[in-house]
Amino acid sequence: MRPRRTALAGALLGTLILAGCGQTGTTATPSAAPTASSAPASAAGFPVTVEAGNGKVTLAKKPERIVSLSATHTETLFAIGAGSQVVAVDDQSNYPPEAPKTDLSGFKPNVEAIVAQKPDLVIVSNDIDQIVAELGKVNVPVLLEPAATKLDEAYEEIAEIGAATGNQAKADEVVSGMKTAMDKLAAEAPKDKKLTYYHELDQTPYAATSQTFIGQVYGLFGLTNIADKAPDQAGGYPKLSAEFVAQADPDMIFLGDVKCCGQSKDTLAKRPGWKGLSAIKNDQVIQLDDDLASRWGPRVVQLAESIGAAVAKAGAKS
Amino acid sequence: MAAQAGPSRARPLWIACALGVLAVCMIAGLLDGAADISPWQVVLQAVDWLPFVHVDSGLAPVEQGLLFELRLPRVLVAAVVGGLLAMAGAGYQGVFRNPLADPYLLGAAAGAGLATTVAIVLLPESGASIPVAAFLGAVGGVFLAYTLGNTAGRSGGTATLVLAGVAVTSFLTAIQTFVQQFKVEELQRVYSWILGDVGGGWDQFWLVLPYAAVSAVLLLLHGRMLDVLSVGDEEATSLGVPAARVRLTVLLAASLATAAAVAVSGLIGFVGIVIPHIVRRLAGGSYRVVLPLSLIGGGAFLVLADLIARTVIAPAELPIGVVTMFVGAPFFVGVLRMTRRTAT
């Protein structure tokens, strides 16, 4: 299911950027295969072939009219310096502010509206309504980079988008920066305390297990996820029983439904049977940024930082 | 005719039986749940809640809280909502003399769905507005269907009314889908609501109770009238029963019951059509039996469905609407087969 490692033709060739940037990565460092003719520095090795979620995608030249239908990938594009190539992003892409937000929908993609942007590359995270095949019919290259389930996948996707847009070097730099920051956070995390946590996606209450991307981020901090008791067939995002959460009585509660649904320590305390929870009494309800908590782009470092800070605080207290 | 003579004598027996089943379901619902508490401790805790008795159940305060604040009201809400939906279904079936009528066919659910979606989209901050919106929407949906049916079919024929309900349902659902497109990020909440939820605690229970009481009293009082109505409007009028007024009263009471149920718990399908059918199969067609038995049986059914929803993949949970369909349908077919065999 997951896209394999980027196979790119000579994207690194002739660039002056240090190959050493990617040194921390073992698997994520792209294996550069030189093309027959060495490309000039600016046009950086196009044509390029990227192994994405929809198979091999070949771009004849550097895309200059990119449409992103995924908020995560919009963030990535701007972080790796492809921002100037982006002509339109979907209605959920609210970061960075300068992203050319349109009313294009990533949930219900409209092929004609996308084509009207005259894209030479469309990036999606979900093949809704066979959007990849539909755009293929009109010869628009599509890069499908599905939701990452592991940090390594997130890194790979950033590298792949870098390769496809001609920003390989900056993408590698971003990835290695992320890795360094994440390693540092993980190293600083207090490991002696076995704290339990509950990460809430919405108030009904849906949670995320350790099998999910967000669960992996928490995994860096040596926390125990109460949602992991849910059976596999409930998926990585089980709707938990409210009484189970109450009984599990997690040390920390992270809310990913603050912006969308106005959840807070106070609203949790008003839920039936929850007001005695230790996380509420001990002030360990952490309001996360909804967007950070649901995207697997470069800003995942900021999410990890806020989790790390909360864990450090909780560790110091107990 | 035989169906009317028999049940009146057997009626207390049936009702006692049904209450017994309801009690068993509710106790089971209280004993088991996603939290790992032994049934014995639940029993001790329940005894402890009784006045003037103190027993140490050995449960932590959080666990006591979850039993009293979560599990107990949840069982009660499921019983009330299931009872309301089944009783409303029986009422609609009596009014329209159509065994396929149910709260969801007549625009109530679609009206509530539309109003809820609009509330979620326009007032994302206030969760309190959702029950009110659902209530108004349910009443509005039925009113629309009723008005349309009455103007289209001059005689107020029941087939016209049901068809009007179908048309109104389609139309309102289309508007709802249209509105949803403007707030795609709220889709999850709308879907959660559509699949039903009875885990709202005591607030949810106190919210639904007065409407439940009013509609139940109104409907139960009209059982005999509905029996008379079932021989036909003209005959009923000649017997001194004001057919039009009875029909309107029962319709309003059933809509009130539906609206109250939908408002607190979202859309829980299947109960309103299946339970009255099962009741008729077992205890005969008199509405003096069908209405109270539907009320009790619907409650028992939904308590059981909710118990399954929250234990079968615990600590994860299934939406209750999925369980009512999934468990209800085969059960329904089983009852149909069983009673057909004994009837012939």
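In short, a report on the structure. Residue indices begin from 1 for each chain and proceed along its sequence in written order. Each chain takes a letter, starting from A, and each ligand takes a number, starting from 1, following the order in which they are written. Side-chain atom pairs in this predicted model are given and counted only at pLDDT of 80 or more, local residue features only at pLDDT of at least 70, and totals for whole chains, interfaces and linings cover all residues. Calculation of side-chain values draws on the structure's entire complement of heavy atoms; hydrogens and water are dropped beforehand.

## What about the overall build of chain B?
Turning to step 1, where the next piece is worked out: Counting its secondary structure elements, chain B contains 14 helices and zero strands.
Turning to step 2, where the next piece is worked out: In this treatment the radius of gyration is a C-alpha quantity, and the globule benchmark scales as 2.2 Å times the residue count to the 0.38 power. In terms of C-alpha radius of gyration, chain B reaches 21 Å, essentially the compact-globule figure of 20 Å for 344 residues.
Turning to step 3, where the next piece is worked out: For chain B, the spread of C-alpha atoms along the principal axes amounts to about 65 × 55 × 40 Å.
Turning to step 4, where the next piece is worked out: Evaluated residue by residue, chain B yields a buried proportion of 53% over its 344 residues.
Turning to step 5, where the next piece is worked out: Reported accessibility uses the Shrake-Rupley method at a 1.4 Å probe radius. Residues are deemed covered only where the shown protein chains occlude them. By element, 72% of the accessible surface of chain B is carried by carbon and sulfur atoms, the whole surface being about 15000 Å². By the criteria applied, helices consist of DSSP H or I runs no shorter than four residues and strands consist of E runs no shorter than two, each listed in order from the N terminus. The buried label goes to any residue with under 20% of its type's maximum accessible area, the exposed label to any with over 50%, and the partly exposed label to all in between, with areas taken from a 1.4 Å probe on protein chains only.

## Section: the interface of chain A and chain B
A common measure of how large an interface is: the accessible area buried when the components associate.
Turning to step 1, where the next piece is worked out: Contact criterion: two residues are considered in contact whenever any of their non-hydrogen atoms come within 4.5 Å of each other. With 31 residues of chain A at the contact, the number on the chain B side is 29 residues.
Turning to step 2, where the next piece is worked out: Accessible surface is computed with a 1.4 Å probe, and the buried area is the amount of it that two parts give up when combined, taken over both parts together. Regarding the contact of chain A and chain B, the summed buried area is about 2300 Å², with carbon and sulfur atoms giving 57% of it.
Turning to step 3, where the next piece is worked out: Contact with chain B buries surface across chain A, with Lys239(A), Glu243(A) and Gln247(A) losing the most and accounting together for 30% of the total.
Turning to step 4, where the next piece is worked out: Any carboxyl oxygen of Asp or Glu that lies within 4 Å of a side-chain nitrogen of Lys or Arg is treated as forming a salt bridge with it. Seen at the junction of chain A and chain B, the total is two salt bridges.

## Some points on the pattern of salt bridges
Residues and elements named next belong to chain A.
Turning to step 1, where the next piece is worked out: In the structure shown here, the tally under the stated rule is 18 salt bridges over all chains.
Turning to step 2, where the next piece is worked out: Of the charged contacts in the structure, one is a salt bridge between Glu153 and Lys150, with a shortest N-O distance of 3.8 Å.
Turning to step 3, where the next piece is worked out: In this structure, Lys265 engages Asp283 in a salt bridge whose closest nitrogen and oxygen atoms are separated by 3.2 Å. Here the residue Lys265 occupies a position in helix α8 (residues 265-270), and Asp283 occupies one in the loop between α9 (278-281) and β13 (285-287), the gap between them amounting to 18 residues.
Turning to step 4, where the next piece is worked out: You can call Lys265 partly exposed: its relative accessible area is 29%.
Turning to step 5, where the next piece is worked out: A relative accessible area of 38% means that Asp283 is categorised as partly exposed.

## A closer look at the side chain of Ser105(A)
Residues and elements named next belong to chain A.
Turning to step 1, where the next piece is worked out: By the secondary structure assignment, Ser105 is in the loop between β6 (86-89) and α2 (111-115).
Turning to step 2, where the next piece is worked out: Taking relative accessible area as the criterion, Ser105 reaches 14% and is therefore assigned buried.
Turning to step 3, where the next piece is worked out: Polar contact is the term for a pair of N or O atoms within 3.5 Å; when the atoms are in protein, one must be able to donate a hydrogen and the other to accept it, and sequence-neighboring residues count only if both atoms are side-chain atoms. Looking at Ser105, its side chain comes within polar contact range of the main-chain nitrogen of Lys108, at 2.9 Å.
Turning to step 4, where the next piece is worked out: In contact with Ser105, other than residues within four places in its own chain, are Leu69, Asp90 and Asp91.

## Remarks on a nonpolar patch on the surface
All names here are of chain B.
Turning to step 1, where the next piece is worked out: A cluster of nonpolar side chains, Leu195, Val322, Met325, Phe326 and Val327, forms an exposed patch at the surface whose accessible area comes to about 440 Å².
Turning to step 2, where the next piece is worked out: By secondary structure assignment, the location of Met325 is in helix α14 (residues 320-343).
Turning to step 3, where the next piece is worked out: Classification of Met325 as partly exposed rests on a relative accessible area of 43%. Each patch is built from residues lacking any salt bridge and having more than 30% relative accessible area; the joining distance is 9 Å for like charges and 5 Å for nonpolar side chains (Val, Leu, Ile, Met, Phe, Trp, Tyr).

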